[in-house]
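# Observations on the three-dimensional arrangement
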Amino acid sequence: MASCFAHGRVSVGAAQQRVPGRCAPQKLAARPSRPFSLLARSGDGWEDWSDAPDTPRVANGAAAAAVEEPDWRHEVQGLAKNLRVSKDSEGGTDWDAFYADEERERCFLVGVQLKKRAGKHGYGVQESLEELGRLADTAGLEVTGSTFQMLEDVNPRTYIGTGKVQEIKAAVANTGATTVIFDDELSPGQLRNLERALGEDVRLCDRTALILDIFSQRAATREGKLQVELAQSEYQLPRLTRMWSHLERQSGSGQVKGMGEKQIEVDRRLLKGRMARLRRDIEEVRTHRRAYRERRAAAPIPVVALVGYTNAGKSTLLNTLTAADVLAEDKLFATLDPTTRRVELSGGQVLLMTDTVGFIQKLPTQLVAAFRATLEEIKEASLLLHVVDVSHPSAAAQIDAVNGVLADLGVENVPTLNVWNKVDACADPAVVRAVAERREQTVCVSGLTGEGLSELMERVSAKLQDSMVAVHVLIPYSQGELVDEIHRTGVVGSAEFGAAGTEVRAHVPLPLAQRLQPLRLAAAAAEEEQWLEAEAAAADAAAAAAGAAANPAAGAAAHEAAQQAAGGDLQLGQAVQLPL
Ligand SMILES: Nc1nc2c(ncn2[C@@H]2O[C@H](COP(=O)(O)OP(=O)(O)OP(=O)(O)O)[C@@H](O)[C@H]2O)c(=O)[nH]1
Ligand SMILES: [Mg+2]
């Protein structure tokens, strides 16, 4: 029997293929997109796949395999540390399948804490490095270690001090890392100098490039992909000089160096051309999006946008509230593209809830610029729900980071409700709830358990009402669809069926209030007066005959209506002045 690994060490795509002489279970191919090695055992026998010798869980199987396959055993041992087991069954056969990730690229992390900034931003260098580690993991890298340096100022040549560079060089050699990731964006010059200092075998990367890489792995829509590519190109453009130094190193001769320079100019021109094309394509995609937004604006359903730090639980909230099926996972930047779902409140009011890309401290400016159009939808929302992972040790710093991005986007004026999520995961949820109660505009929830969600939706409804216009209208029965629309898009205080139509007191979005203007009670009252006069004349005639009084109920309604009309205009909501 040939080595299992000779066949089994396959990428996901290849795993779909039938391995000669072996029965490859199709289902097992549905693995994450990084390459893996698959070993499986079917039923009682060892005819197909095998596992590793030094994993206790699979020791028996490995022994059996080892007897048969000494070479194979050797190979398996090298991968054993990454083994995971999965139970599966196919065609009535039970499978034990063992996945071994191929060795992940190993990386070493480096941060700087500026003394003058210490404590100011809340995100300390250690927390920031921890987050960088999560980003690296999300991108598919394995973190082997990290270090940081306290500095007055970053070193303009090498970001960190020269002594530290040597320390990192040694650490990289000791941990077997092949990549060094810096926690801040490095200038093109710093990249070049560090590359020289650390040696050619070490790949250099910074936080920005890492985040851009994650975004490019995860972008799903055409617009998302175009935006990420544009952001990546913007990052690359000033850094193309790295190739210049590469050529320079290779050649060592002035002549070839000159060719390198020319090549870099060609590359720059190509990249700039590509960026111009990307901008055009993005603009085209946005035209469609704009048309969609305009249609949405015409139907005045309020839009509530979920914003917040990455991994705060925005998608989970959307899923719980709307039974949506948005990917929510314990990964940074799980969501890149906005998803909008309809939510119906208990009073029948409908709103649209939009899930947005999460923010992060030190968010690359290229990304903010590239995603600005998508993010600007937040500006048009009636209400923002700022979702916070309140169980996170750096929750306060995360709130600051999000507020910073919101301020950059110019959306500070959109009404906001703070949603302290993951209260279930806090050490003392009761204390957190008590603090939230003392804060304005703050509500404690758990998107996972559903705790606090009905209160949240009540608060949403009340907040939306604040941004709406109070109307008091009489809607003739012939325009009954308007009553439905008020129910759907507004918050109804009362609706009474009278002789002339439905008298509604409600808060509605501004566009609807404008359409309702002809029906405001002053106008409605005039109609009603005519109707009442006719009724009164008929009643008088009847009274003369029967000595009975006219219908007092309709009269009372008309009286109240007339009073309202005489008392001036409609009440206005806090946020909007309706030119009545
Ligand atoms: N314990 C607990 N975990 C939660 C809660 N809400 C979300 N999570 C978990 O937090 C992780 C992130 O949730 P997501 O909903 O993907 O977070 P997100 O804000 O959409 O993240 P991005 O899309 O990356 O910005 C997931 O593992 C969720 O299961 C909660 O209320 N309690
Ligand atoms: Mg999400």
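For the structure itself, look to the data block above.
First, a word on scope: everything that follows refers to the structure included in this document. These figures come from a predicted structure and were not determined experimentally.

### Some details on the overall build of the chain
Per the secondary structure count, the chain includes 21 helices and 17 strands. Burial status across the chain gives 47% buried among its 580 residues. For the chain, long-range pairs separated by at least 24 residues make up 69% of all intrachain contacts whose partners lie at least 6 apart in sequence. Total accessible area on the chain stands at roughly 28,100 Å², and carbon and sulfur atoms take up 50% of it.

### Quick notes on the pattern of salt bridges
Per the stated rule, a full pass over the model turns up 16 salt bridges. Glu-185 is paired through a salt bridge with Arg-239; the nearest N and O atoms lie 3.1 Å apart. Of this pair, Glu-185 sits in the loop between β7 (179–182) and α7 (188–198) while Arg-239 sits in the loop between α9 (222–236) and α10 (241–251), and the two are 54 residues apart along the sequence. The class of Arg-239 is buried, set by a relative accessible area of 9%. The salt bridge involving Glu-234 is made with Arg-279; its shortest N-O contact spans 2.9 Å. With Glu-234 in helix α9 and Arg-279 in helix α11 (residues 254–298), the pair connects residues that are 45 residues apart, well separated along the chain. You can call Glu-234 partly exposed: its relative accessible area is 24%. Within the structure, one salt-bridge network assembled from shared partners comprises Glu-131, Asp-183, Asp-184, Arg-207 and Lys-362.

### Topic: the sheet that holds strand β16 (residues 491–497)
Adjacent strands of a sheet pair through backbone hydrogen bonds, lying either parallel or antiparallel. Spatially, β15-β17-β16 is the arrangement adopted by the three strands of the open sheet, whose pairing is antiparallel. The open sheet terminates on both sides in strands that have one partner only, identified here as β15 (469–475) and β16. The sheet shows a mean angle of 10 degrees between the axes of neighbouring strands, taken without regard to direction.

### Quick word on the sheet that holds strand β5 (residues 106–114)
Reading across from one edge, β6-β5-β7-β8 is the order of the four strands in this open sheet, with parallel pairing throughout. Looking along the sheet, the strands with just one partner apiece sit at the ends: β6 (142–151) and β8 (203–206). Strand-to-strand twist across the sheet, computed as the mean angle between neighbouring axes with direction ignored, equals 20 degrees. By the bridge criterion, nine bridges tie β5 to β6 in an arrangement that is parallel. Paired with Cys-107 across the bridge in β6 is Val-143. Along the sheet, helix α8 (residues 207–218) makes contact with β7 and β8, crossing β8 at roughly 85 degrees.

### Overview of the packing of aromatic side chains
Taken as a whole and assessed by the stated rule, the structure comprises two aromatic pairs. On the basis of an interplanar angle of 15 degrees and a centroid distance of 6.2 Å, the ring pair of Tyr-123 and Tyr-309 is categorised as stacked. Remark: Tyr-309 occurs in the loop between β9 (303–308) and α12 (314–322) and Tyr-123 occurs in the loop between β5 and α5 (125–138); sequence separation between them is 186 residues. By relative accessible area, which is 11% here, Tyr-123 ends up buried. Taking the centre distance of 5.4 Å and the plane angle of 85 degrees together, the rings of Tyr-159 and Phe-182 count as edge-to-face. Taken as a pair, Tyr-159 in the loop between β6 and α6 (162–175) and Phe-182 in strand β7 lie far apart in primary sequence, 23 residues in all. Residue class for Tyr-159 comes out buried when judged on its relative accessible area of 2%. Among the residues examined, Phe-182 registers a relative accessible area of 0% and is labelled buried. Over the face of the ring belonging to Tyr-235 we find Arg-239, whose NZ or CZ atom lies 3.8 Å from the ring centre.

### Observations regarding the site of ligand 1
Around ligand 1, 23 residues are found, and the nearest of them are Lys-314, Thr-316, Ala-334, Thr-335 and Asp-424. Thr-316 places a polar side-chain atom, nitrogen or oxygen, 2.5 Å from an oxygen atom of ligand 1. With the chains in place, 89% of the 650 Å² that ligand 1 exposes on its own is no longer accessible. No other element matches α12, which puts three residues into the shell around ligand 1. Residue classes in the shell around ligand 1 are distributed as seven nonpolar, 10 polar and six charged.

### Quick word on empty space enclosed by the protein
With a probe scaled to a water molecule rolled over the atoms, the places where space remains empty come into view. Per the counting criterion, the structure on display carries six cavities of 30 Å³ or more. By volume, the largest cavity is sized at about 60 Å³. Its residues assigned to classes, the lining of the largest cavity comprises eight nonpolar, one polar and no charged.

### Side note on the packing of α6 against α7
With their axes 10 Å apart at the nearest point, α6 and α7 run at an angle of 55 degrees to one another. Of the possible angle classes, the one that applies to α6 and α7 is oblique. Judged by the sense of rotation from one axis to the other, the crossing of α6 with α7 is right-handed. Taking contact as the criterion, the partners of Val-165, Ile-168 and Lys-169 in α6 are, on α7, Leu-194, Ala-197 and Leu-198. Its residues assigned to classes, the contact of α6 with α7 shows five nonpolar, no polar and one charged.

How each quantity is defined
Residues numbered from 1 in each chain as written. Chains lettered and ligands numbered in written order. Predicted model: local features only at pLDDT ≥ 70, side-chain atom pairs only at ≥ 80, totals over all residues. Heavy atoms only, no water. Helix = DSSP H or I, 4+ residues; strand = E, 2+ residues; numbered from the N terminus. Buried < 20%, exposed > 50% of the residue type's maximum accessible area, 1.4 Å probe, protein only. Contact = heavy atoms within 4.5 Å. Areas by Shrake-Rupley, 256 points an atom, 1.4 Å probe, with all protein chains shown as cover. Salt bridge = Lys/Arg side-chain N within 4 Å of Asp/Glu carboxyl O. Pairing = 2+ DSSP bridges. Axes fitted to C-alpha atoms, helices over the stretch in contact; angles between N-to-C directions. Phe/Tyr/Trp six-rings, centres within 6.5 Å; stacked < 30°, edge-to-face > 60°. Lys NZ or Arg CZ within 6 Å of the ring centre and 35° of its normal. Near = heavy atom within 4 Å. Polar contact = N/O pair within 3.5 Å; in protein donor to acceptor, adjacent residues only side chain to side chain. Nonpolar A, V, L, I, M, F, W, Y, C, P; charged D, E, K, R; others polar. 1 Å grid on protein atoms, 1.4 Å probe; cavity = no way out; pocket = protein on both sides within 12 Å on 5 of 7 lines; lining within 4 Å. Points joined across faces, edges and corners; volume = space filled by probe spheres on them. Parallel < 35°, antiparallel > 145°, perpendicular 65-115°, else oblique. Left-handed = near helix turned anticlockwise from the far one by under 90°.

So yeah, pure geometry; function would need other evidence.
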